[in-house]
Protein chains: 2
Amino acid sequence: MSGEKKHIVIVGAGFGGVKLAKLLAKEDVEVTLVDRRNFHLFQPLLYQVSTAILSEDEIAYPIRTFFRKNPNVEFYMAQAQGADPARKVLLTNHGELPYDYLVLAAGATTNFFGMKTVEKNSFGMKTLSEATHIRNHILHMFERADKCEDEAERRRMLTFVIVGGGPTGIEEAGAISELIEVQKRDFHRLDFNEVSVHLIEATPNVLPGGFSDHLRQYTIETLRKKGVEVHLSTGVVDYDGRDVKFKDGSTMATKTVIWAAGVKAVPFVAECGGEVDRGGRIIVNEKLQVEGQTDVFAIGDCAHYQHGTERPLPTVAPVAMQQAQTAHDNIMKLIHGQTDLDTFHYKDLGCMATIGRAKAVVGKTKMNPEMTGFLAWCAWMFIHLIRLAGTHTNFTVAIKWWWNFLSGTRLGRIITNCEEPETVKE
Amino acid sequence: MSGEKKHIVIVGAGFGGVKLAKLLAKEDVEVTLVDRRNFHLFQPLLYQVSTAILSEDEIAYPIRTFFRKNPNVEFYMAQAQGADPARKVLLTNHGELPYDYLVLAAGATTNFFGMKTVEKNSFGMKTLSEATHIRNHILHMFERADKCEDEAERRRMLTFVIVGGGPTGIEEAGAISELIEVQKRDFHRLDFNEVSVHLIEATPNVLPGGFSDHLRQYTIETLRKKGVEVHLSTGVVDYDGRDVKFKDGSTMATKTVIWAAGVKAVPFVAECGGEVDRGGRIIVNEKLQVEGQTDVFAIGDCAHYQHGTERPLPTVAPVAMQQAQTAHDNIMKLIHGQTDLDTFHYKDLGCMATIGRAKAVVGKTKMNPEMTGFLAWCAWMFIHLIRLAGTHTNFTVAIKWWWNFLSGTRLGRIITNCEEPETVKE
């Protein structure tokens, strides 16, 4: 061991980056955690911000507060732009940062699969500001439709399209259909028969991955009961902001397309000297090192790990957090001069998705049976509440969820960008 | 009475506008409430959003929800642009709105007294987006200062200037000084001796209006104990975004000037056919009618009422709400063909201001003695909690206040505009 403390730079304060920094905080090393945002985002609940159930600061926590008692962990608010492995520095928009070990935990962004018009005119669902833009936009559409005399135009404003039948798309569609129920009480004149919610999925079924056919069927039926029209085997090819066009040539008039159909790694990881896959994810070996480098690791949604698995691992928090543990162990081994690095093995903790209020699906694992309905929803709520980072926030989130469950109302239905009209899509 | 229901258009969903609409909702009339925002803003707590104590949606309520059970009250989300009294229509960015009676309750905006550089480079404190901009900016200054090697530049980033010694300026200065205490725990390396908070007041004393000299002295002493430097008889003349310049020619290096030094009526009221005063407020007679018109009323911060008072009434919620009552009574008298309109008389309910956590001042009225300290703070908290509009919000706000009081932490310290860098002032 060298006499000077090793410096580990982690890019990204998501589930993987924060977990890794917490593990390294206990070691005799220096850590710098880099993120362009000053908060850790609890992404699984982003759809609740986009549908006015929760406030922004209930799913976003100041990163520094996690490391209040860890003077060896520094936070650096900056946009990472690339790495120079030869000089061992991370490049950011606020200067260079030298490292002994670099861990890329930078996460994913929306994948529009190269469709420029769709990217320009639809809403992504990966960032906090995207979630508030969706909320502002949906609420604004109701206000404008309420005063619109042209029926076709009104229906266009009141048609809400969610693309992507994964958990995010399903949770968003369920939450929007319930938001509409709340809006019904507040609009005296609007004809709610003109309102429709559409879930579009390119493949023949919803919920890929660990869900059984029974759970998929249950999900589709539950969505339909809530008034969501589910369109399977329907691919989007174009969207000009007024009409979304499908692969078969048909179109749908809508001012709202929410894109939850795919993710890709953030572009920055391609600038770090490693090889990337089609989804822009950096390819790592079974020790989680970037191929060809010993001191650069990658974990979570931005890493492509495919050893002993049929396909790349799912882009979910448990993968990132388990990889954080392995990355920690291997970095400490390297620091201590050991060469027997650990191989990463993913332990599947199962999968779940809510379908609006009081309904959910939970996939079968070794620990639990398959669940649907209210019981699954309680399990979902419990897991998410205990995982939420701030103890106080747990409390207000729990209150809001029960309030929402009992009264069916949503308090956060405010349009916050109306004072800056250029940001309102009309 | 005519057979058709009269249509009353109210511009502005502040304290006055909402109160008036609630009163008119019980009458046999049609009401349209116009506001460019879809929410009513609880302005007295704006400073708490700007300093990360409360979330946006805890002080902003969907306007429509107030009138859920009143089908005769319509909400129209639009920016009022003027009125044409000859044709009896209100002009908005979403078309014209005919009225039988028009009530201007459009409120006030920040008055920079014609100083263009100050207007361009400092932060107003009148809207929700201004409050979140202040929060984002203050937190961002800490992040940048933490990584800045240049001491002069660092001190500039860590110098926070609040202009205006009224309740808003005092509450903001107190809240910022406490936010700094929270930041202290989260920054391991920053030298907090470089941080300073300055309250600038052009006149020789703080808290004009109903506060006694004793309360003013107490306020200044309390602020100083909290580390706020109070500068009296100090007028601002220029601010280029880097150095604020005072009347005596001296300057102060700062990246943050928060302007709470004056208000003026929103410009729109000058386009409604009446005469306006120096502060842009429309002049009303003692019946609250706009001078020279019988069917146009003005109430609250946008109205100039000066009958039997030494100077224009203060720009506070109780004035607007009491005027709403008189406007309601007089409009109903006109509808019923009565000519004996009521004269407005203001009943002073007193004045209060908080000075950070657990300290406040309450002015003497007929109902209560003068109060300072913890007791005054409890009174302030009680009054504000019962006035908050949503019952559920009361509950989470109460939790947050007690949490803040007991632990001294602030959970909402997130920079929400970092994903759109052009909006971050660097």
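Treat the numbers as computed from the prediction; the structure is a model and nothing was measured.

Talk me through the nonpolar core; I want residue IDs and the actual numbers.
Side chains that are nonpolar tend, in soluble globular proteins, to be buried together. Membership of the largest hydrophobic core comes to 125 residues, with the highest contact counts inside it found for Ile10(B), Leu90(B), Leu104(B) and Phe142(B). Filtering out sequence-adjacent residues up to four positions away, Ile10(B) remains in contact with Gly17(B), Leu20(B), Ala21(B), Leu24(B), Val31(B), Thr32(B), Leu33(B), Val34(B), Val103(B) and Ala105(B). If you look at the next biggest cluster of nonpolar residues, it comprises 124 residues, including Val206(A), Val230(A), Ala303(A) and Phe344(A).

An account of the pattern of salt bridges is needed here, citing residue identities and associated values.
Enumeration according to the criterion identifies 44 salt bridges over all chains in this entry. In this structure, Glu143(A) and Arg64(B) form a salt bridge, with 2.8 Å as the shortest nitrogen-oxygen distance. With one member in each of two chains, Glu143(A) in helix α5 (residues 128–146) and Arg64(B) in helix α3 (residues 63–66) form a pair that bridges those chains. A single burial state applies to Glu143(A) and to Arg64(B), both of which are buried. The residue Arg156(B) makes a salt bridge to Glu153(B) at a minimum N-O spacing of 3.1 Å. Placement of both Arg156(B) and Glu153(B) in helix α6 (residues 151–157) is noted, with a separation of three residues, approximately one turn of the helix. The exposure classification of Arg156(B) matches that of Glu153(B), with both residues buried. Because the salt bridges share partners, they merge into one network encompassing Arg64(A), Glu74(A), Glu143(B), Asp146(B), Lys147(B) and Arg189(B).

Describe the pairing of strand β6 (residues 80–84) of chain B, and please don't skip the residues or the numbers.
All names here are of chain B. Where β6 lies against strand β7 (residues 89–92), four bridges are found, and the strand directions are antiparallel. Paired with Ala 80 across the strands is Thr 92, a residue of β7. If you look at the hairpin formed by β6 and β7, you'll find four residues sitting between the two strands, and Lys 88 has a positive phi there, around 55 degrees.

A description of the sheet that holds strand β14 (residues 236–239) of chain A should follow, citing residues and the corresponding values.
All names here are of chain A. Taken in spatial order, the three strands line up as β14-β15-β16 in an open sheet, and their pairing is antiparallel. Across the chains shown, the open sheet's two edge strands, defined by having one partner strand only, are β14 and β16 (251–253). Ignoring strand direction, the axes of neighbouring strands in this sheet form an average angle of 20 degrees. Inspection of the sheet shows β14 paired to strand β15 (residues 243–246) by three bridges, in the antiparallel sense.

Outline the pairing of strand β7 (residues 89–92) of chain A, supporting the account with residue identities and numerical values.
Residues and elements named next belong to chain A. Here four bridges tie β7 to strand β8 (residues 95–98), and the two strands are oriented antiparallel to one another. Note that in β8 the partner of Leu 91 across the bridge is Glu 96. Between β7 and the antiparallel strand that follows it, β8, lie two residues.

About the thresholds
- Residues numbered from 1 in each chain as written.
- Chains lettered and ligands numbered in written order.
- Predicted model: local features only at pLDDT ≥ 70, side-chain atom pairs only at ≥ 80, totals over all residues.
- Heavy atoms only, no water.
- Core = buried A, V, L, I, M, F, W, Y, C linked by side-chain atoms within 4.5 Å.
- Buried < 20%, exposed > 50% of the residue type's maximum accessible area, 1.4 Å probe, protein only.
- Contact = heavy atoms within 4.5 Å.
- Salt bridge = Lys/Arg side-chain N within 4 Å of Asp/Glu carboxyl O.
- Helix = DSSP H or I, 4+ residues; strand = E, 2+ residues; numbered from the N terminus.
- Pairing = 2+ DSSP bridges.
- Axes fitted to C-alpha atoms, helices over the stretch in contact; angles between N-to-C directions.

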